[in-house]
Amino acid sequence: MNSSAVVEKLKVRFPNEPEYIQAVTEVVDSIEEEYNKHPEFDRYNLIERLCIPDRIIQFRVNWVDDKGNVQTNMGYRIQHNNAIGPYKGGLRFHASVTPSILKFLAFEQTFKNSLTTLPMGGAKGGSDFSPRGKSNAEVMRFCQAFMLELNRYIGADEDVPAGDIGVGGREVAYMFGMYKKLTHQFTGILTGKGQEFGGSLIRPEATGYGNVYFLLNMLETRHIDIAGKTVLISGSGNVAQYTAEKLIELGAKPVTMSDSDGYIYDPDGIDREKLDYIMELKNVERGRISEYAEKYGVKYVAGAKPWAEKGDIATPSATQNEINEEAAKTLVKNGCIAVSEGANMPSTPEAIKVFQDAQILYAPGKAANAGGVAVSGLEMSQNSERLHWSREEVDNKLHEIMNSIHAECIKYGTEADGYVNYVKGANVGGFLKVAKAMMAQGIV
């Protein structure tokens with residue numbers, strides 16, 4: 001397999017999908033050496049079969065707003081690969097959603113799910129509908145209309161969606177209710193559900209907590225204590241909030257958070273009381289992060305990301321490609337020793353090269369943020385067994401899974417000079433499990 005040839009061929013076939021091509025390029029470049037140790041992979045054209053989704057489902061969603069006007073959005077589900085288990089991956093409701101973004105997310109999800117050691121394939125979906133500024137009634141009507149079509153393609157042993165950007169507990173609940181109405185079935189069809197109807201403890205916290213657990217493993221390789229470290233966080237949604245919560249608990253000091261309008265910088269640190277305010281602001285009032293700056297009298301920078309501030313650690317937890325080459329250079333120059341990604345592909349290829357050339361600790365999202373889908377998998381297990389595990393049980397399992405992912409990265413990513421290339425480690429580890437399953441199952 002020649003990685004450049006593979007990418008060029010995909011560029012010709014899918015010319016207007018830059019995010020998808022970016023994700024594929026990162027993976028095929030890092031697995032090329034391992035792939036070529038297995039000539040049988042080439043005979044079965046495994047790489048092309050692995051890069052192209054099993055199917056892409058696209059549909060129109062009509063719903064009625066509070067003024068009685070009919071609105072139209074697009075709905076999607078990318079079922080990428082189910083070699084090791086049912087399709088599994090979140091739904092994203094955001095104006096920026098396109099097939100290219102969902103294809104990259106589904107591709108990444110395939111390897112992330114493989115790394116968790118749980119039996120889950122990779123998928124992603126969503127809509128260009130944005131819940132921002134919509135009433136609860138409008139969000140409910142949209143979710144019901146979306147599920148009216150999506151229900152045809154999902155099932156507890158077929159495809160199990162979850163939340164993502166713009167899809168939290170409210171949206172999952174509305175979709176679950178509609179699925180139940182349409183199918184007359186109460187099954188574990190969605191994860192991220194409420195505690196009252198099959199949700200798992202720790203699921204809301206899982207991506208943020210898991211990111212910090214992975215970070216701790218990385219720091220331990222260099223005998224660095226997280227206590228007292230200053231941390232730059234982007235985003236202020238679910239992942240950012242629970243990353244901050246776990247960091248505070250461990251004695252670190254988060255100093256930034258952001259949203260699509262800008263970021264706040266609090267040099268005294270975001271403590272428990274301030275984080276509670278952010279959670280109320282974002283989860284209940286659905287306000288803007290600038291209100292934090294007004295309340296606490298701290299710096300707010302509109303239209304910018306927090307990477308120019310000084311910090312020991314960066315945890316990008318917002319969206320894709322938020323750290324470019326310039327931002328990465330600034331982070332390194334300012335003394336950043338570790339970057340652990342809470343978001344999916346938040347660093348550009350040029351930024352990743354900067355981190356690796358500087359030999360700082362850098363963890364890609366498919367490894368560091370796998371805690372969310374890991375606990376989604378644990379929620380599926382609980383639903384299947386009609387059980388409800390304690391908070392301690394789930395947190396312990398999450399810890400074990402993140403430790404296992406880190407060990408896999410060390411196994412496949414340690415270079416001759418001892419530096420751990422976590423990108424290569426995560427990609428090779430995730431790839432081999434899926435590849436061997438596909439080989440065993442024949443040409444299907």
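Please refer to the structure higher up on the page.
As the structure is a computational prediction, the values presented were derived from the model and not from experiment. (Residues numbered from 1 in each chain as written. Predicted model: local features only at pLDDT ≥ 70, side-chain atom pairs only at ≥ 80, totals over all residues. Heavy atoms only, no water.)

The next subject is the overall build of the protein chain. Scanning the protein chain from terminus to terminus reveals 17 helices and 13 strands. For a compact globule of 444 residues, the expected C-alpha radius of gyration is about 22 Å, and the protein chain comes in at 21 Å, within 12% of that figure. Counting only C-alpha atoms, the protein chain reaches 60 × 55 × 45 Å along its principal axes. Accessible area of the protein chain: about 17,600 Å², with a carbon and sulfur share of 49%. With 48 positive and 57 negative side-chain charges, the protein chain shows a spacing of 3 Å between the two charge centroids. (Helix = DSSP H or I, 4+ residues; strand = E, 2+ residues; numbered from the N terminus. Rg over C-alpha atoms; globule rule 2.2 N^0.38 Å. Areas by Shrake-Rupley, 256 points an atom, 1.4 Å probe, with all protein chains shown as cover. Lys, Arg positive; Asp, Glu negative; His and termini not counted. Charge placed at Lys NZ, Arg CZ, Asp CG, Glu CD.)

It is worth spelling out the packing of aromatic side chains at this point. Inspection of the entire model under this criterion finds 22 aromatic pairs. Look at Phe93 and Phe129: their rings are 6.1 Å apart centre to centre, the planes differ by 85°, and that puts the pair in the edge-to-face class. Remark: Phe129 occurs in the loop between strand 4 (122–127) and helix 6 (136–150) and Phe93 occurs in strand 3 (residues 87–93); sequence separation between them is 36 residues. Accessibility expressed as a relative area gives 1% for Phe93, which makes it buried. Counting every residue linked through ring pairs, the aromatic cluster contains Phe59, Trp63, Phe93, Phe129, Phe142 and Phe146. (Phe/Tyr/Trp six-rings, centres within 6.5 Å; stacked < 30°, edge-to-face > 60°. Buried < 20%, exposed > 50% of the residue type's maximum accessible area, 1.4 Å probe, protein only.)

Covered by surrounding structure in strand 6 (residues 230–233) are Thr230 and Leu232 together with Val231 and Ile233, the residues of both alternating faces. Here strand 6 runs beside strand 7 (residues 253–254); their pairing, made up of 2 bridges, is parallel. By the bridge assignment for strand 7, Val231 is matched with Pro254. Regarding the hand of the β-α-β motif, the stretch spanning strand 6, helix 9 (residues 238–249) and strand 7 is right-handed. By the bridge criterion, 3 bridges tie strand 6 to strand 11 (residues 313–315) in an arrangement that is parallel. Paired with Leu232 across the strands is Ala314, a residue of strand 11. (Pairing = 2+ DSSP bridges. Right-handed = clockwise from strand over helix to strand, strands pointing away.)

In this section: the sheet that holds strand 8 (residues 256–259). An order of 8-9-10 is seen for the 3 strands of this open sheet, with the pairing classed as antiparallel. Of all the strands in the sheet, the pair left with one neighbour each is strand 8 and strand 10 (299–302). Pairs of neighbouring strands in the sheet enclose a mean axial angle of 15°, with direction left out of account. Alignment of strand 8 against strand 9 (residues 262–265), held across 4 bridges, turns out to be antiparallel. Each residue of the ladder has a partner; that of Ser258, found in strand 9, is Tyr263. (Axes fitted to C-alpha atoms, helices over the stretch in contact; angles between N-to-C directions.)

Applying the stated criterion across every chain, the model contains 1 cavity of 30 Å³ or more. Considering only enclosed or pocket space, the largest cavity measures out at about 50 Å³ in volume. Around the largest cavity, the lining residues are Glu26, Glu108, Glu341, Met345, Ser347, Ile352, Tyr362, Pro364, Gly365 and Lys366. (1 Å grid on protein atoms, 1.4 Å probe; cavity = no way out; pocket = protein on both sides within 12 Å on 5 of 7 lines; lining within 4 Å. Points joined across faces, edges and corners; volume = space filled by probe spheres on them.)

Moving on to the layout of surface pockets. Approximately 330 Å³ is the volume found for the second largest pocket. When residues of the lining of the second largest pocket are traced back to their parent elements, those giving at least two are helix 2 (18–35), helix 13 (349–357) and helix 17 (422–441). When the residues that make up the lining of the second largest pocket are grouped by side-chain class, the tally is 4 nonpolar, 7 polar and 5 charged. (Nonpolar A, V, L, I, M, F, W, Y, C, P; charged D, E, K, R; others polar.)

What follows covers the pattern of salt bridges. Pairing between side chains becomes possible if they bear opposite charge and their charged atoms approach one another. Within this structure, the stated rule accounts for 27 salt bridges. The salt bridge involving Glu48 is made with Lys9; its shortest N-O contact spans 3.4 Å. You can see Glu48 sitting in helix 4 (residues 46–51) and its partner Lys9 sitting in helix 1 (residues 3–13), a full 39 residues away along the chain. On the accessibility criterion, Lys9 (46% relative accessible area) is partly exposed. Salt-bridge contacts for Arg170 lead to Glu171; the nearest nitrogen and oxygen are separated by 2.8 Å. The same class applies to Arg170 as to Glu171, namely buried. (Salt bridge = Lys/Arg side-chain N within 4 Å of Asp/Glu carboxyl O.)

Positive phi, close to 50°, is recorded for Asn45, a residue that is not glycine. Assignment of secondary structure puts Asn45 in the loop between helix 3 (39–43) and helix 4. Residue class for Asn45 comes out partly exposed when judged on its relative accessible area of 33%. Positive phi values are uncommon outside glycine, yet Met345 reaches one of about 50°.

The subject of this paragraph is the nonpolar core. Ranked by size, the top nonpolar core spans 55 residues in total, and within it Phe214, Leu215, Leu247, Met257, Tyr292, Leu398 and Ile405 carry the most contacts. A total of 8 residues in this core trace back to one element, the largest contributor, which is helix 8 (residues 206–220). In this structure, Ile405 is in contact with Leu115, Thr116, Phe214, Ala367 and Ala370, ignoring residues within four places of it in sequence. (Core = buried A, V, L, I, M, F, W, Y, C linked by side-chain atoms within 4.5 Å. Contact = heavy atoms within 4.5 Å.)

Attention now goes to the packing of helix 5 (residues 99–115) against helix 17. Contact geometry for helix 5 and helix 17: axes closest at 8 Å, N-to-C directions at 85°. The pairing of helix 5 with helix 17 is recorded here as roughly perpendicular in orientation. On the side of helix 5, the interface is formed by Thr110, Phe111, Ser114 and Leu115, while helix 17 contributes Ala426, Asn427, Gly429, Gly430, Phe431, Lys433 and Val434. Split into classes, the residues belonging to the contact of helix 5 with helix 17 amount to 5 nonpolar, 5 polar and 1 charged. (Parallel < 35°, antiparallel > 145°, perpendicular 65-115°, else oblique.)

Given a rise of 1.5 Å per residue, 23 residues ought to cover 33 Å, and the 32 Å separating the end C-alpha atoms of helix 16 (residues 391–413) matches this to within 8%. For helix 16, the set of buried residues is Val394, Asp395, Leu398, Ile401, Met402, Ile405, His406, Cys409 and Gly413. (Expected span 1.5 Å × (residues − 1).)

Moving on to the sheet that holds strand 5 (residues 159–162). The strands making up a sheet associate through hydrogen bonds between their backbones, and the pairing can be parallel or antiparallel. One open sheet accounts for 5 strands, arranged 1-2-4-3-5; its pairing is mixed. Edge strands, defined here as strands with exactly one partner in the open sheet, are strand 1 (55–64) and strand 5. Put simply, the sheet's adjacent strands are angled 20° from each other on average, direction ignored. With 4 bridges connecting them, strand 3 and strand 5 associate as parallel partners. Across the sheet, Gly89 pairs through a bridge with Pro161, a residue of strand 5.

Bear in mind that shape data such as this cannot, by itself, settle questions of function.
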